[in-house]
Amino acid sequence: MARQWFYTHDSEQQGPVSAAELKELAARGKLSRQDLVWAEGMSEWKPAGRMKGLFIEDDAGSALATTATTASVSASTSASATTSASATPALAQDGDGHDDEDSLPFSPRYILTGIGGFVAALGIAFTVVAQSPLALGLTVGGLALAILSLFIEIGRLFSQAVTNLGFGIRAMAEQRQQAKQLALTKSRLAEEARAEAARAAAQAAATTPAATPAAALAPVATVAGQSATTPPLPAGNVVVVNQPPIQKWSPGIAAVLSFFIPGLGQLYKGQIINGIVWFFFVGFGYVALILPGLILHLLCIVGAASGNPWTEGKTTVVRE
């Protein structure tokens, strides 16, 4: 079964369409790079410009880049042969233009993270055997070293959390606005239906003779919600409004945030009271004893990752 896509255009949700139809919309200018697209299996809506192969300019740019690369490689073969011994390879860059040094398999930061985790594990083991200031120092120092070594990853997680939170707030506001518009549309259609029924009844009463023989009466089929003497309502266009589920938060990000700061994952999910309570509970557990603090911290992480992160999808049928 082909994958179905949804997209937004002029702040309105459209779809579903196939991948070929989506590419045709992009080619005709009906879909811009700033419009959002979503399909089943994606964690969130993404700008259409980030979908590779969707726009014709991307394919043309890739072909031009390939041709230019081939020409430059063939032209610079002799020059690179003389300078390769003294050339220093540059670090690769990711899509954001940042040096991708953290993708190296043996980055010093990851080595420090492993050392910090090992020292923290030793401190926890010493705490289980016999509580002492040394065990507490090893545990706290190891955790601090591991956290400081992953400052880039923590920064990215915080940035992603803020982005997801803003997207969730915007999505909820759009859903409330759509619900209001849908309620107004239903109310307007109901008023028009009642007015049309009243006009039809008045016309039937004006054209019906005073006395009609019983033999001339023909049986009138009844429809659910209408009486036998009321003419059927005129059939209108039926509009189906499909609202796919939207992911409000990520369980993985919530768990990681609560791992570094107890209760932060709950705050990221919008559970303000739970986040504050977990922060103080885990803090008191660590102050009292290391082992109860670790148990409460683990429960806090599990609670942050629990729950349904998706909104409920709805399909509404409206008669115009």
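Structure first, text after, so check above.
As the structure is a prediction and not an experimental result, all values here were calculated from the model.

A. Structural detail: the packing of helix 4 (residues 108-129) against helix 5 (residues 133-149). For the pair helix 4 and helix 5, the least separation of the axes is 7 Å and the interaxial angle reads 160 degrees. Our classification of the angle between helix 4 and helix 5 gives roughly antiparallel. Seen along the crossing, helix 4 lies across helix 5 with a hand that is left-handed. Judged by residue contacts, Arg109, Leu112, Thr113, Ile115, Gly116, Gly117, Val119, Ala120, Gly123, Ile124, Phe126 and Thr127 of helix 4 engage Ala135, Leu138, Thr139, Gly142, Leu143, Leu145, Ala146 and Ser149 from helix 5. Taken together, the residues that form the contact of helix 4 with helix 5 break down as 11 nonpolar, 8 polar and 1 charged.

B. Structural view of a nonpolar patch on the surface. On the surface, Phe158, Ile261, Leu267, Ile272, Ile273, Ile276, Val277, Phe279, Phe280, Phe281 and Phe284 cluster together to form a nonpolar patch covering roughly 1100 Å² of accessible area. Looking at the nonpolar patch, the element that brings in the most residues is helix 9 (residues 272-288), giving 8 residues. Relative to the elements of secondary structure, Phe281 occurs in helix 9.

C. How the structure looks around helix 6 (residues 151-207). Helix length check: helix 6, at 57 residues, gives a terminal C-alpha distance of 83 Å against a target of 84 Å (1.5 Å per residue), a fit within 8%. Of the positions making up helix 6, those classed as buried are Ile154, Ala161, Asn164, Phe167, Gly168, Ala171, Leu182 and Leu189.

D. Inspection of the side chain of Thr113 at higher detail. Locating Thr113 in the fold gives a position in helix 4. On the basis of relative accessibility, which here comes to 18%, the residue Thr113 falls in the buried class. Not counting chain neighbours up to four residues away, the residues in contact with Thr113 comprise Ala146, Ser149 and Leu150.

Criteria and thresholds
Chains are numbered independently. Their residues run from 1 in the order of the written sequence. Per-residue local features of the predicted model are confined to residues with pLDDT of at least 70, and side-chain atom pairs are confined, for both listing and counting, to 80 or more; whole-chain, interface and lining totals are unaffected and use all residues. Side-chain metrics in this entry use all non-hydrogen atoms of the structure; hydrogen atoms and water are not considered. The convention used is that axes are lines fitted to C-alpha atoms, helices contributing only their stretch in contact, and that angles between N-to-C directions extend from 0 to 180 degrees. Segments assigned H or I by DSSP are reported as helices when at least four residues long, segments assigned E as strands when at least two residues long, and all are numbered from the N terminus. Reported orientations rely on four angle classes, namely roughly parallel under 35 degrees, roughly antiparallel over 145, roughly perpendicular from 65 to 115, and oblique for the rest. For any pair of crossing helices, the crossing counts as left-handed if the nearer helix is rotated counterclockwise from the farther one by less than a right angle, and right-handed if it is rotated clockwise. Contacts are residue-level and defined by heavy atoms, with any inter-residue pair within 4.5 Å sufficient. Here the nonpolar group is Ala, Val, Leu, Ile, Met, Phe, Trp, Tyr, Cys and Pro; Asp, Glu, Lys and Arg are the charged ones; every other residue, Gly included, is treated as polar. Patches here are clusters of residues that have more than 30% relative accessible area and form no salt bridge, with a 9 Å joining cutoff for like charges and a 5 Å cutoff for nonpolar side chains (Val, Leu, Ile, Met, Phe, Trp, Tyr). Residue-level accessible areas treat just the shown protein chains as cover; the underlying method is Shrake-Rupley with a 1.4 Å probe. For this analysis, a salt bridge means a side-chain nitrogen from Lys or Arg found within 4 Å of a carboxyl oxygen belonging to Asp or Glu. Helix span, expected: 1.5 Å multiplied by one less than the number of residues in the helix. Exposure classes here rest on a 1.4 Å probe applied to the protein chains alone. A residue is buried below 20% of its type maximum, exposed above 50%, and partly exposed in between.

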